[in-house]
Amino acid sequence: MTAQLSVEDFSLVFRTRHGTVRALEDVSLSVERGEIVGVVGESGSGKSVLAYAVMGLQDAAARVQGGRIRFAGLDMLTASEGALAGVRGRELAMIFQSPRTALNPIRKVGRQIEDILRQHANLPGRDLRDQAIAALARVRIPDPQRRYEAYPFELSGGMCQRVMIAMALACSPFLLIADEPTTGLDVTTQAVIMDLIRDMSREARMSTLLITHDLGLAGEYCDRIAVMHAGHVVEIAPAAELLSRPAHPYTQQLLAATPTPRSTVEGLVSIPGQLPDLRHDLPPCRFSARCARHSPICDEKPLPWTSLTPTHSVRCRVPLWG
Amino acid sequence: MGFVGKRLLGTIPSLIGVVIVTFLLSHALPGDPAAYFAGPAANAASIAGVRAKLGLDQSLPVQFMHYIVDLAHGNLGNALTTGQPVLTDLIDRLPASLELTFFALVFAVALGIPMGVWAATKPDSLADHICRASVSVAAAFPTFFVGLILVYIFYFLLGLAPEPVGRLNEILYTAPPRVTGAYTIDSLIAGDWNTFRASLAQLVLPAISLGLFALAPIARITRAAMVQSLGSDFTRTARAAGLPRGKILVTYAFRNALLPVANVLGMVFSFLLGSNVLIEQVFGWQGIGAYAVSAVLASDYAAVQGFVLMMAVLYILLNLIVDLLATVIDPRVRFEA
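Residues numbered from 1 in each chain as written. Chains lettered and ligands numbered in written order. Predicted model: local features only at pLDDT ≥ 70, side-chain atom pairs only at ≥ 80, totals over all residues. Heavy atoms only, no water.

### A few points about the overall build of chain A
Helix and strand counts for chain A stand at 11 helices and 12 strands. With respect to the principal axes defined by its C-alpha atoms, chain A has extents near 70 × 50 × 45 Å. Here chain A holds 322 residues, and 53% of them are scored as buried. Across chain A, every contact between residues at least 6 apart in sequence was considered, and the portion connecting residues at least 24 apart equals 66%. Here chain A has roughly 13,900 Å² of accessible surface; of this, 51% comes from carbon and sulfur atoms. Positive and negative side-chain charges of chain A, numbering 35 and 34 respectively, have mean locations separated by a distance of 3 Å. (Helix = DSSP H or I, 4+ residues; strand = E, 2+ residues; numbered from the N terminus. Buried < 20%, exposed > 50% of the residue type's maximum accessible area, 1.4 Å probe, protein only. Contact = heavy atoms within 4.5 Å. Areas by Shrake-Rupley, 256 points an atom, 1.4 Å probe, with all protein chains shown as cover. Lys, Arg positive; Asp, Glu negative; His and termini not counted. Charge placed at Lys NZ, Arg CZ, Asp CG, Glu CD.)

Structure, rendered in structure tokens:
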């Protein structure tokens, strides 16, 4: 089976006034067909940068330093802007956090879905409206005929996110990138939205890349989880295994810092230190300064991947097991 | 529509304020109108007689009531300089100024908005800096100076523009029968193509001189609003959805940038209408600006009062139009009202 999306040794820097920020370094990741892969890490770990790079929507200050991103046979880094625009919205879709600002505030939501259908779906004009309403109905928006006429400010945050999902799924994409789709929504709405995303990917055998800082959420909905720290992917494993048997010290600490129904506030542990400054020279393992298990061997270059099992890999010289 | 009604009601306090201010204005002007009206050969008795005739011997509130009653009858008094009712004068000359201001605004919008959009798509590029510098230079020169330079180059040196003798060279053409008062429109209504072309040709230089001044605010607000909406989340969504570049630029970014642009347009229009004065002098334009200047020079206070009142009312109406436009552009405005 070939992967729907494969990211290989991908490195990206931002050139800023205050120096070069090495935002992503040697990131490798793949998403198979129908699979939900979570990318988890604290703020600033490079999750969203990775998502935008896959979309080909990186900031103007971003420079790709190396590696490859292949999606459905297309090399996303060398493809023309025209080829990318043809893929985006049709085969590759994205939903964002803060759905209310991510929708055009002065255009009816139905019209915004129509814009995408008109561009990609090759439908006769008279069917656009019906298809847009059908897209709204598919994400279980009640009374879709009426909602078609609504402006984003007339809808709740959860409704806006459903509209975003309806837009993303309007053309049945192969891969959905969900960047913190439930941040800012209340917990019940969060569950509804995540159930919706999972159901959609199961029904249509759609692949999903879920970007989140919430390890609990990722554990619940993802098949596999990649943990990111300071621009590195440090561990990849099937979700259940990653949660029960983390191999990277950072993953372990991230788990200890994640509230569960059984934990108390006192039981939560905060991770010491903070993300290193990505503008400076960094040790091969960017977690070493925060790591209790740090030993001289950690400072030897290069930092290799270790396969603990065929599906569980960790990027650590002194993993917790294996 | 309830919104229009509410907004119309909202203009009433401003109108009352304007009427009070114009009334007080006539009393704040230096000099005694009674002595002025009585003429140079008057004695104390005849001045008192004129004062009684004008009602100036009565208390301020009573005078104010008379002023209100006169206004209600559309009576703004008589202008000394023309000997006609002020209202007639203003109605006569307003279309000329509106026509000039309108064309100036069309010129400024046609140039300023594309420049602003262009600059916003490439912020901090050479194009951006050229746009910024050129509109700043255009705004830095006084309008009358620009007008004179344009006349010198395009009329005197190149002979491309017609003689700056006002709205129409009356020796060669006859003014069209009055319908709206704007020569370009009236000549079209009359089907007189030659007069239309001639009046349009007369408009070009004064409209450009005036419009150059409005270029800077329009181009810069367009750029600022476009930079903001191009960097917004919904533009990113549109790009992520693979929408074509033109669609993103127009339907997504530009329409969202229109609201601040429309607000500035309203301000610029009323500002241009006021700053017509100098341009009308340079081009011999028979508009209200030229009228107001001669009224002030002749201490013709009824005419000045009428002019101020009319400008204030126009300003209020213009703001009303901008507000109504805003509801068309942005549904949230309607919702909040």
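### Remarks on the domain arrangement of chain B
All names here are of chain B. Here chain B is partitioned into domain 1 (2-72) and domain 2 (93-336). Here the C-alpha centroids of domain 1 and domain 2 sit 34 Å apart. Counting from both sides, the interface comprises 19 residues of domain 1 and, opposite them, 14 residues of domain 2. Where domain 1 abuts domain 2, roughly 1,500 Å² becomes buried across the two surfaces, and 81% of that area is made up of carbon and sulfur atoms. Taken together, the links from domain 1 to domain 2 amount to one salt bridge. Here Asp323 makes a salt bridge to Arg7, at a shortest N to O gap of 2.4 Å. Applying the counting rule to domain 1 against domain 2 returns two residue pairs in polar contact (both at pLDDT 80 or more). Mapped onto the side of domain 1 that touches domain 2, the elements with two or more residues apiece are helix H1 (2-28), helix H2 (33-38) and helix H4 (60-72). Top element by residues in the side of domain 1 that touches domain 2 is H1. It accounts for 13 residues. Taken together, the residues that form the side of domain 1 that touches domain 2 break down as 14 nonpolar, four polar and one charged. (Domains from an automatic or database assignment. Buried area = accessible area lost by both parts, 1.4 Å probe. Salt bridge = Lys/Arg side-chain N within 4 Å of Asp/Glu carboxyl O. Polar contact = N/O pair within 3.5 Å; in protein donor to acceptor, adjacent residues only side chain to side chain. Nonpolar A, V, L, I, M, F, W, Y, C, P; charged D, E, K, R; others polar.)

### Describing unusual backbone geometry
Residues and elements named next belong to chain A. Across the junction of Lys301 and Pro302, the peptide omega takes the value -10 degrees, indicating a cis bond. Of note in this structure, Arg205 is not a glycine but carries a positive phi near 55 degrees. Within the secondary structure, Arg205 is located in the loop between helix H8 (187-204) and strand E8 (207-212).

### A look at the sheet that holds strand E9 (residues 224-229) of chain A
All names here are of chain A. If you trace the eight strands from one edge of the open sheet to the other, you get E6-E7-E8-E3-E9-E10-E12-E11, paired in mixed fashion. Edge positions in the sheet fall to strand E6 (92-95) and strand E11 (306-309), since each of these pairs with one other strand and no more. Neighbour-to-neighbour, the strand axes of this sheet turn through a mean angle of 20 degrees, independent of strand direction. As paired strands, strand E7 (residues 175-179) and E8 are joined by five bridges and run parallel to one another. For Leu176, the partnering residue across the bridge sits in E8 and is Thr208. Here helix H1 (residues 47-55) sits on the sheet and contacts strand E3 (36-40), E6, E7, E8 and E9; the angle it forms with E6, its principal contact strand, is near 145 degrees. Of the strands in this sheet, E3, E9 and strand E10 (232-238) touch helix H11 (residues 249-256), which is tilted by about 100 degrees from E9. (Pairing = 2+ DSSP bridges. Axes fitted to C-alpha atoms, helices over the stretch in contact; angles between N-to-C directions.)

### Some remarks on the pattern of salt bridges
Summed over the entire model, instances satisfying the criterion amount to 27 salt bridges over all chains. For Glu35(A), the salt bridge goes to Arg224(A), with nearest N and O atoms at 2.6 Å. Placement of Glu35(A) in the loop between strand E2 (19-31) and E3 and of Arg224(A) in strand E9 is noted, with a sequence separation of 189 residues between them. For the pair shown, Glu35(A) and Arg224(A) are each scored as buried. Taken together, the shared-partner salt bridges connect Arg107(A), Arg111(A), Glu114(A), Asp115(A), Arg118(A) and Lys247(B) into one network.

### Quick look at helix H11 (residues 245-282) of chain B
Counted at 1.5 Å a residue, the expected span for H11(B) with its 38 residues is 56 Å, but the 45 Å between its end C-alpha atoms falls short. When the local axis directions of H11(B) are compared, the greatest deviation, roughly 45 degrees, occurs at Phe254(B). (Expected span 1.5 Å × (residues − 1). Bend = angle between axes of the 7 residues up to and from the residue.)

### What about the interface of chain B and chain A?
Across the contact, 20 residues belong to chain B and 27 residues belong to chain A. Buried area between chain B and chain A, summed over both chains or domains, comes out near 2,000 Å², and the portion from carbon and sulfur atoms is 60%. The tally of links from chain B across to chain A stands at one salt bridge. One salt bridge connects Asp115(A) with Lys247(B), and the closest N-O pair in it is separated by 3.0 Å. Connecting chain B to chain A are nine residue pairs in polar contact (both at pLDDT 80 or more). If you list the elements that add at least two residues to the side of chain B that touches chain A, you get helix H10 (233-240), H11 and helix H14 (331-336) of chain B. Top contributing element to the side of chain B that touches chain A by residue count: H10(B), with six residues.

### Looking at the packing of helix H5 (residues 86-121) of chain B against helix H12 (residues 288-297) of chain B
All names here are of chain B. Running from N to C, H5 and H12 point in directions that differ by 135 degrees, and their axes come no closer than 8 Å. In terms of orientation, H5 and H12 fall into the oblique class. Contact residues: H5 offers Val86, Asp89, Leu90, Arg93, Leu94 and Ser97, while H12 offers Ile288, Gly289 and Tyr291. Tallied by class, residues from the contact of H5 with H12 come to five nonpolar, two polar and two charged. (Parallel < 35°, antiparallel > 145°, perpendicular 65-115°, else oblique.)

### A short note on the pairing of strand E1 (residues 5-16) of chain A
All names here are of chain A. Here E1 runs beside strand E4 (residues 62-71); their pairing, made up of eight bridges, is antiparallel. Of the residues in E4, the one forming a bridge with Ser11 is Gly66. Note: E1 against E2, eight bridges, orientation antiparallel. Its bridge partner being in E2, Leu12 is matched across the sheet by Leu24. Here E1 folds back onto E2, and the loop between the two strands holds two residues.

### Examining the packing of aromatic side chains
All names here are of chain B. Considering all chains together, one arrives at 10 aromatic pairs over all chains under this definition. Geometrically, the ring pair formed by Phe23 and Phe64 is edge-to-face, given 5.0 Å between the ring centres and 65 degrees between the ring planes. Of this pair, Phe23 sits in helix H1 while Phe64 sits in helix H4, and the two are 41 residues apart along the sequence. Given the relative accessible area of 6%, Phe23 is considered buried. Note on Trp193 and Phe196: the rings are 5.8 Å apart at their centroids and 85 degrees apart in plane angle, and the pair reads as edge-to-face. Of this pair, Trp193 and Phe196 are both found in helix H9 (residues 193-230), three residues apart, which corresponds to roughly one turn of the helix. You can call Phe196 buried: its relative accessible area is 16%. An aromatic cluster of three or more residues is present, and its members are Phe23, Phe64 and Tyr67. (Phe/Tyr/Trp six-rings, centres within 6.5 Å; stacked < 30°, edge-to-face > 60°.)

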